[in-house]
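Fold and contact review
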Amino acid sequence: MAMELGLNSEHVGGTFEWEREPACCDMFKDAVDGEKFVFVSNFVGGPDDHKSNSFYIMTLNHEGEFARSDGISISFCPWCGAKTDGYKKYPK
């Protein structure tokens, strides 16, 4: 089942705190928080005791504009191959 993942400011690393930050490798966390290349949606999945947000990228065309209006979901780290895992901190 496809999810529409549209970029908004709440998805950009540095605009939110982590409850559980990605820990598979430094490159993936840096892609979210440093380079702002991988985005974190507000969609949450997984069991109640280990929820995780969805991660995605936005593709660009040769002119640097968005190639499509929705993101491409990432289920595994492109660098180390581990399943993506991270959970934003939400107000209680």
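What comes next is a walk through the structure. (Residues numbered from 1 in each chain as written. Predicted model: local features only at pLDDT ≥ 70, side-chain atom pairs only at ≥ 80, totals over all residues. Heavy atoms only, no water.)

**Describing the pairing of strand β3 (residues 52-57)**
Put simply, the rule is: Exposure is judged per residue with a 1.4 Å probe applied to protein chains only, and the accessible area is read against the type maximum: over 50% gives exposed, under 20% gives buried, and values in between give partly exposed. Helix and strand assignments follow DSSP, with helices taken as H or I runs no shorter than four residues and strands as E runs no shorter than two, numbered in order from the N terminus. Two strands qualify as a pair provided DSSP detects at least 2 bridges between them.
With respect to burial, β3 is a largely interior element, five of its six residues being buried. As defined by bridge partners, strand β2 (residues 39-45) adjoins β3 across four bridges and the pair is classed as antiparallel. The residue of β3 that forms the bridge with G45 is S52. Counting the residues between successive antiparallel strands, the hairpin from β2 to β3 contains six residues, one of them, G46, with a positive phi of roughly 100°. Note that β3 and strand β4 (residues 72-74) share three bridges and pair antiparallel. The partner of Y56 across the bridge, within β4, is S73.

**A short note on unusual backbone geometry**
Backbone geometry follows two general trends: most residues other than glycine have a negative phi, and most peptide bonds adopt the trans configuration. Of note, the phi angle at K36 is positive, near 55°, even though the residue is not glycine. Within the secondary structure layout, K36 lies in the loop between α1 (26-33) and β2. The exposure class assigned to K36 is partly exposed, which follows from its relative accessible area of 35%.

None of the figures reported here should be taken as evidence of function without further support.
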